[in-house]
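Each chain, written out:
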Amino acid sequence: MNSPQLKLRGVRKRYASVTALRGVDITLAPGGSLAILGPNGAGKSTLLRVMAGLAHPTAGRIEFAGGKHDRGQVGYLGHATLLYPELTARENLIFAGRLYGVNSPQARADQLLAEEGLGEVAERRVGGFSRGMAQRLSIARARVHSPKLLLLDEPFTGLDEPAAQRLTERLTTLSAEGHGLVLTTHEISRAARLARSAVILVDGTVQESIDSDAMSEAELRAAYARALEAAP
Ligand code: ADP
Ligand code: MG
């Protein structure tokens, strides 16, 4: 068997007075997809930031395929946009490509714009973009260095239904192409459609986890309800 793409063992994260993660174990197979669900304040964003290498665990360890933590392997989309409104879509990607030391950032930018369906707006300033367009560009930006694993924090927030639908299709394609995918969301139906596994986090603890290729929405809803009931 291949070694897991991502493995967390006993991960704890304490801020000054708050314990956000209380010993989290997660294993993601190569090219696997995982939805992290849970109520507000459960620790979902913290968990994603730990996976991204943006927050250091207070205890426990995190391993990537082939060795230690490597930021070059992950693309992260958080709540704050990293896009520059006064630059065009293409300029934003070229700039990000240079930051990551990508070979031929122009060519990579054009490739990503085409893949995300943004070719026609490549030369437009991002300040005028709809939330859906900006979100697609943010995902392109997160992918600029060709990471094997994409970490997306609430990627559907603020999108209208057609934009959310397009994003779902896009992420399904990326996953089918072999990208590892971890996302947080509070939309159970979308999580069930997108991911093959799920964990339900309550108060920094994984209360339920599902790992089956045939994870259904009903199964996920039931697990979510159990998790809330079991939480202290
Ligand atoms: P979620 O994304 O599930 O809503 P978070 O990971 O954002 O949860 O937060 C988990 C807990 O950690 C919350 O109690 C939150 O207030 C706290 N927290 C998150 N980030 C910080 C921080 N930078 N400093 C202090 N407390 C934080
Ligand atoms: Mg959050």
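What counts and what doesn't
Positions within a chain are numbered from 1, following the residues in the order the chain's sequence is written. Whichever chain is written first becomes A and whichever ligand is written first becomes 1, with later ones labelled in order. At least 70 in pLDDT is required for a residue's local features to be given in this predicted model, at least 80 for side-chain atom pairs to be given and counted, and no such filter applies to totals for whole chains, interfaces and linings, which use all residues. Working from all heavy atoms in the structure, the side-chain values ignore hydrogens and water. Strands are labelled as partners when DSSP assigns at least two bridges between them. Helix and strand assignments follow DSSP, with helices taken as H or I runs no shorter than four residues and strands as E runs no shorter than two, numbered in order from the N terminus. All axes here are fitted lines through C-alpha atoms, helices being fitted over the stretch that makes contact, and every angle between N-to-C directions spans 0 to 180 degrees. Two residues qualify as a contact provided that any one of their heavy atoms is within 4.5 Å of a heavy atom in the partner residue. Here the expected span of a helix is defined as 1.5 Å times the quantity of residues minus one. In protein, a polar contact requires one atom able to donate a hydrogen and another able to accept it; more generally it is a pair of N or O atoms within 3.5 Å, and residues adjacent in sequence count only if both atoms are side-chain atoms. Working definition: roughly parallel below 35 degrees, roughly antiparallel above 145 degrees, roughly perpendicular at 65 to 115 degrees, and oblique for all remaining angles. Rotating anticlockwise by less than a right angle from the far helix to the near helix defines a left-handed crossing, while the corresponding clockwise rotation defines a right-handed one. In this classification, Asp, Glu, Lys and Arg are treated as charged, Ala, Val, Leu, Ile, Met, Phe, Trp, Tyr, Cys and Pro as nonpolar, and every other residue, Gly included, as polar. A pair is scored as a salt bridge if a Lys or Arg side-chain nitrogen falls within 4 Å of a carboxyl oxygen belonging to Asp or Glu. Between buried and exposed lies partly exposed: a residue is buried under 20% and exposed over 50% of the maximum accessible area for its type, with that area taken using a 1.4 Å probe on protein chains only.

*Asks:* Before we go on, may I ask you to explain the sheet that holds strand 1 (residues 6-14) in this structure?
*Replies:* Taken in spatial order, the 3 strands make up an open sheet running 2-1-4, and their pairing is antiparallel. Two strands close off the open sheet at either side, each with one partner strand: strand 2 (19-28) and strand 4 (59-64). Averaged over all adjacent pairs, the angle separating strand axes in this sheet is 15°, with direction ignored. Examined bridge by bridge, strand 1 and strand 2 share 7 bridges and lie antiparallel to one another. What sits directly across from Arg14, in strand 2, is Thr19. Set on the sheet, helix 1 (residues 44-52) makes contact with strand 1, strand 2 and strand 4; between it and strand 2 the angle comes to about 55°.

*Asks:* What is the right way to read helix 5 (residues 161-176) from this model?
*Replies:* Count 3.6 residues to each turn of an α-helix, and residues three or four apart come out pointing the same way. Along its 16 residues, helix 5 runs 22 Å from first to last C-alpha, staying within 8% of the 22 Å computed at 1.5 Å per residue. Buried residues along helix 5 sit in contact with strand 3 (33-37), helix 3 (105-115), helix 4 (131-142), strand 6 (149-153), strand 7 (180-184) and helix 6 (188-194). At the N-terminal boundary of helix 5, the capping side chain belongs to Asp160, with an oxygen 3.0 Å from the backbone nitrogen of Ala163.

*Asks:* Is there a simple way to explain the packing of helix 4 against helix 5 in this structure?
*Replies:* Helix packing for two helices is described by the angle between their axes and how far apart those axes are. In the contact formed by helix 4 and helix 5, the axes pass within 10 Å of each other and the chain directions differ by 20°. Put simply, helix 4 runs roughly parallel to helix 5. Seen from above, helix 4 lies across helix 5 with right-handed handedness. Contacts between helix 4 and helix 5 involve Gly132, Gln135, Arg136 and Ile139 on the former and, on the latter, Ala163, Arg166, Leu167 and Leu171. Of the residues belonging to the contact of helix 4 with helix 5, the class tally is 4 nonpolar, 2 polar and 2 charged.

*Asks:* Explain the pattern of salt bridges here, please?
*Replies:* Pairs may arise between side chains of opposite charge once their charged atoms sit close together. Tallied over the entire structure, the rule returns 11 salt bridges. The salt bridge involving Arg61 is made with Glu63; its shortest N-O contact spans 2.8 Å. Looking at Glu63, the relative accessible area reads 30%, which means it is partly exposed. The salt bridge involving Asp110 is made with Arg90; its shortest N-O contact spans 2.6 Å. Here Asp110, found in helix 3, pairs with Arg90, found in helix 2 (residues 89-99); they are 20 residues apart in sequence, far enough to count as distant.

*Asks:* Quick question: what am I supposed to make of the pairing of strand 9 (residues 205-211) here?
*Replies:* Here 6 bridges tie strand 8 (residues 197-202) to strand 9, and the two strands are oriented antiparallel to one another. Across the sheet, Val199 pairs through a bridge with Ser209, a residue of strand 9. Hairpin connection of strand 8 to strand 9: 2 residues between the antiparallel strands, including Asp203 at a positive phi of 50°.

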